[in-house]
Amino acid sequence: MDTESLQAHDNVHPLRQEEESKGDREKDSETYPLPLEDYKRYGRQMILDGFGLQGQVNLSHASIAVVGAGGLGCPVLQYLAAAGVGKLGIFDADTVDISNLQRQILHSEVTLGMPKALSAKEALLRINSRLNIEAVTEAITAPNALSLLRAYSLILDCTDNVPTRYLLSDVAVTLGVPLVSGAAQRLDGQLCVYNMVQGEGVRGPCYRCIFPTPPNPTTVGSCEELGVLGGVTGVIGSLQAVEAVKILTGMDQRPTMTIYNALSFPPFRSIRLRPRREACIACGKDATERRARERAEGLEVTLPAVDYVQFCGGPTPDWEREGQVSGQEGERMRAGDLKQLLDNGEQVNIIDVRNPTEFSIVHLPSSRNVPLKTLLASPSSYLSAHPTVVTCRLGNDSKIGADALRKALVEERVTDGLAGEEPKAAERTLEGKGRPAEGSGADVEGIGQAGAPLGERGPVMDLVGGLRAWSFQVDSTFPQY
Amino acid sequence: MESTISIKVEFSGGLELLFDNKRSHELALPAVVPLNNDTKKDVVVAEGQGKPADVAYLIAYLRDHLLQERAELFEEGGTVRPGILVLVNDTDWELEGEGEYALRDGDEIVFISTLHGG
Ligand SMILES: [Zn+2]
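No experiment lies behind these values; they were computed from the predicted model shown. (Residues numbered from 1 in each chain as written. Chains lettered and ligands numbered in written order. Predicted model: local features only at pLDDT ≥ 70, side-chain atom pairs only at ≥ 80, totals over all residues. Heavy atoms only, no water.)

Chemist: Let's hear about the UniProt feature "modified residue: 1-thioglycine" (unreviewed entry) in chain B: which residues, and what values?
Modeler: Residue and element names in this part refer to chain B. Look at the UniProt record and you will see "modified residue: 1-thioglycine" (unreviewed entry) annotated at Gly-118. Counting through the fold element by element, Gly-118 comes out in the segment after β9 (108-113). For Gly-118, a relative accessible area of 8% corresponds to the buried category. (UniProt positions renumbered as here; feature names shortened; annotations may be inferred. Helix = DSSP H or I, 4+ residues; strand = E, 2+ residues; numbered from the N terminus. Buried < 20%, exposed > 50% of the residue type's maximum accessible area, 1.4 Å probe, protein only.)

Chemist: Let's hear about the UniProt feature "binding site: Zn(2+)" (unreviewed entry) in chain A: which residues, and what values?
Modeler: Residue and element names in this part refer to chain A. The feature "binding site: Zn(2+)" (unreviewed entry), as annotated in UniProt, sits at Cys-206, Cys-209, Cys-280 and Cys-283 in this numbering. The annotated residues occupy 78 residues of the chain but converge on a single region, no pair of C-alpha atoms lying more than 8.6 Å apart. Residue placement: Cys-209 occurs in helix α10 (residues 207-210). In contact with Cys-209, other than residues within four places in its own chain, are Arg-274, Arg-276, Arg-277, Cys-280 and Cys-283. Mapped onto the fold, Cys-280 is located in the loop between β8 (268-271) and α13 (285-296). Overall, Cys-280 belongs to the buried group, its relative accessible area being 3%. Residues in contact with Cys-280, not counting those within four places in the same chain, are Cys-206, Arg-208, Cys-209 and Ala-287. (Contact = heavy atoms within 4.5 Å.)

Chemist: Run through the UniProt feature "binding site: ATP" (unreviewed entry) in chain A, naming residues and quoting values.
Modeler: Residue and element names in this part refer to chain A. The sites that carry the UniProt feature "binding site: ATP" (unreviewed entry) are, in the present numbering, Gly-71, Asp-92, Ser-99, Asn-100, Leu-101, Gln-102, Arg-103, Lys-116, Asp-160 and Asn-161. With respect to the element layout, Asn-100 can be found in the loop between β2 (87-91) and α7 (116-127). A relative accessible area of 7% means that Asn-100 is categorised as buried. Setting aside chain neighbours within four positions, we find Asn-100 in contact with Thr-95 and Lys-116. A polar contact is formed between the side chain of Asn-100 and the backbone nitrogen of Asp-97, at a distance of 2.7 Å. With respect to the secondary-structure elements, Leu-101 resides in the loop between β2 and α7. Among the residues examined, Leu-101 registers a relative accessible area of 22% and is labelled partly exposed. (Polar contact = N/O pair within 3.5 Å; in protein donor to acceptor, adjacent residues only side chain to side chain.)

Chemist: Pulling in residues and values, what's your account of the pairing of strand β2 (residues 24-30) of chain B?
Modeler: For a regular strand, side chains alternate in direction, first toward one face of the sheet and then toward the other. All names here are of chain B. Burial of the side chains of β2 is restricted to one face: His-25, Leu-27 and Leu-29 are buried, whereas none of Ser-24, Glu-26, Ala-28 and Pro-30 on the reverse face is. Direction of pairing for strand β1 (residues 4-12) relative to β2: antiparallel, over a ladder of seven bridges. Across the sheet, residue Lys-8 finds its bridge partner in β2, namely Glu-26. (Pairing = 2+ DSSP bridges.)

Chemist: Mind laying out helix α5 (residues 52-61) of chain A, listing which residues take part and the relevant values?
Modeler: An α-helical turn contains 3.6 residues, so a residue and the one three or four places further along point in the same direction. Along α5 of chain A, the residues that are buried comprise Gly-52, Gly-55, Gln-56, Val-57 and Leu-59 of chain A. Buried residues along α5 of chain A sit against α4 (43-46), α6 (73-83) and α12 (230-249) of chain A.

Chemist: Would you mind going over the interface of chain B and chain A in detail, with residue names and values included?
Modeler: Each partner contributes residues to the interface: chain B has 30 residues there, and chain A has 38 residues. Roughly 2800 Å² of surface becomes buried between chain B and chain A when both sides are summed, with 52% attributable to carbon and sulfur atoms. Remark: the boundary between chain B and chain A carries seven salt bridges. The partner of Asp-90 of chain B in a salt bridge is Arg-269 of chain A, and the shortest N-O contact between them spans 2.8 Å. Applying the counting rule to chain B against chain A returns 15 residue pairs in polar contact (both at pLDDT 80 or more). Breaking the side of chain B that touches chain A down by element, the ones donating at least two residues are β1, β7 (84-88), β8 (91-92) and β9 of chain B. Per-element tally for the side of chain B that touches chain A: the top contributor is β9 of chain B, with four residues. Its residues placed into classes, the side of chain B that touches chain A shows ten nonpolar, ten polar and ten charged. (Buried area = accessible area lost by both parts, 1.4 Å probe. Salt bridge = Lys/Arg side-chain N within 4 Å of Asp/Glu carboxyl O. Nonpolar A, V, L, I, M, F, W, Y, C, P; charged D, E, K, R; others polar.)

Chemist: Give me the lowdown on the coordination of the zinc ion, citing residues and values where you can.
Modeler: Ideal donor angles around a metal are set by the shape: a four-donor tetrahedron calls for 109.5 degrees, a six-donor octahedron for 90 or 180 degrees. Residues and elements named next belong to chain A. Distances from the zinc ion to its protein donors, Cys-206 (SG), Cys-209 (SG), Cys-280 (SG) and Cys-283 (SG), fall at 2.2 to 2.3 Å. One can describe the donor arrangement at the zinc ion as tetrahedral, given that its four donor atoms subtend angles of 90 to 119° at the metal. All donor residues of the zinc ion come from one chain, and their arrangement in sequence is C-x2-C-x70-C-x2-C. Taken together, the residues span a long stretch of sequence, with Cys-206 in the loop between β6 (188-194) and α10 and Cys-280 in the loop between β8 and α13 at a distance of 74 residues. (Donors = N, O, S within 2.8 Å, 3.2 Å for Na, K, Ca; no water. Tetrahedral: all angles 85-135°; square planar, octahedral: opposite > 155°, others 65-115°.)

Chemist: So what's going on with empty space enclosed by the protein? Residues and values would help.
Modeler: Within this structure, the stated rule accounts for three cavities of 30 Å³ or more. The volume enclosed by the largest cavity comes to roughly 90 Å³. Along the walls of the largest cavity sit 14 residues, with Ser-181, Gln-190, Tyr-194 and Tyr-207 of chain A together with Leu-115 of chain B positioned nearest its centre. The set of elements that each furnish at least two residues to the lining of the largest cavity consists of β5 (179-185) and β6 of chain A. Considering every element that reaches the lining of the largest cavity, the biggest residue donor is β6 of chain A, with four residues. Tallied by class, residues from the lining of the largest cavity come to eight nonpolar, five polar and one charged. (1 Å grid on protein atoms, 1.4 Å probe; cavity = no way out; pocket = protein on both sides within 12 Å on 5 of 7 lines; lining within 4 Å. Points joined across faces, edges and corners; volume = space filled by probe spheres on them.)

Chemist: Let's hear about the pairing of strand β7 (residues 257-261) of chain A: which residues, and what values?
Modeler: All names here are of chain A. For β7, the tally of buried residues reaches five of five residues, placing the bulk of the element in the interior. On β7, burial covers both faces: Met-257, Ile-259 and Asn-261 on one face and Thr-258 and Tyr-260 on the other are all buried. Pairing of β6 with β7 involves five bridges; the strand directions are antiparallel. Within β7, the residue paired with Gly-189 across the bridge is Tyr-260. Note that β7 and β8 share four bridges and pair antiparallel.

Encoded structure:
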């Protein structure tokens, strides 16, 4: 469905017919604080001790910002919409992709390509047509964050990157609202409530109090690289929705951190967290005083002066593009050239450096699996008389593998040379430079590639763009994942 | 005083991948260790030159004996790298004195890498 038809759908939606029924509802509110139908609709939660009618009234007046409408945001939004939260803000700049549907349960085949914020809004209005939803397709950044989020009494972090996590924490501290933060990867999940009120003027720690220094970007993986099970994002998203309801109804307001692993026994662990840090640049003494001063002077309250992306080590690399960057002449092979070699019946030592699980999903027929870690442990064991082509999913790890193999090749030659013994294979290869090393003994079939030495040690190259490029450029029936 | 202490170590949030993909480890550590956290098995602690095995020593021990990947993915400057939270019996280690917490027999130390996916 495209955006236009979504809007058309919106226009006929019961939400828009509010005007007509307004008269009836005003009559209800004279006697009862909730519309008549809500007593039945929300009765199952209103009869809970500690929730009650007041809990529902609180929810109906609450406004919650859900940042990220992905694996965590979908279950969060679904439960909060169903529970009757007054206003929901959905913030997501991404569009729905087929690879999202495995876990992002508000989106569907029908909304592929649609902005996630709008796709989610459409799904929520099917659950609860009276919801007030603000769907924002603009990315949240330091310049716009405060104005976009100011109207909300609670922020839920359902994002997937480090800079936004720091930004949302700073926004929550600056606006004085709690932050319910979720994260999930592989079979692991984490839940934490930051900046939680703990009584008169006392607040729990913020994200920066616990993690003052961001991790090196090379130690941070994404769901695309590491994988994630749909139910795991569902567990954490559902917990976030529960925490939000607990906070808004006043059932419980303690700062908490919970970690989950689907394979651990027991699977959940609750953690006692440190208090707020006095030296924290977001919620510590100096920052609190700065904000008080800004308020007193009638100025706009500001975020800490931080370039969030740089603070977290620069932008996340686009690994698909990185994998296609051309390297030194003769060190990289294009998918089409590899196909040509194989079609010519050349023997090629194709090494796939992905892990065995990924290798078993799909691989080139004549390739063998040597996980990068194994290859780096003893690269010389994988040198071959044939040309070697190293591959992986996108063409990044394969570069590391190919570099290690080439280094091993050089070391082998140096060792042979220093030994002063009769020249071995590597020496003789130089004679055959630039053409197939016919009759050099073994069943060697060299390739005339960019002056790489031929002979008993074939040249080592990596496949530009990895198996994804193979699928795009050579064989469109080769699965991508 | 016993000459060794037994503790349980658990890795979470993907850190287990650095430790032979094993989440749970039972360790026996010397009760008294060198002040400089030298983890060599035959090291002799001279009288007055030792301290009770603490979390800082444990970090060095894990790096030297169990870690199977590049050290910087786990340890940095004598402590854990940014983005790793340490728990001492389910309590944030900052409340327990961080690296200086003296390990006791039966303690459970958990190392958690923060997740960022959503
Ligand atoms: Zn703080």
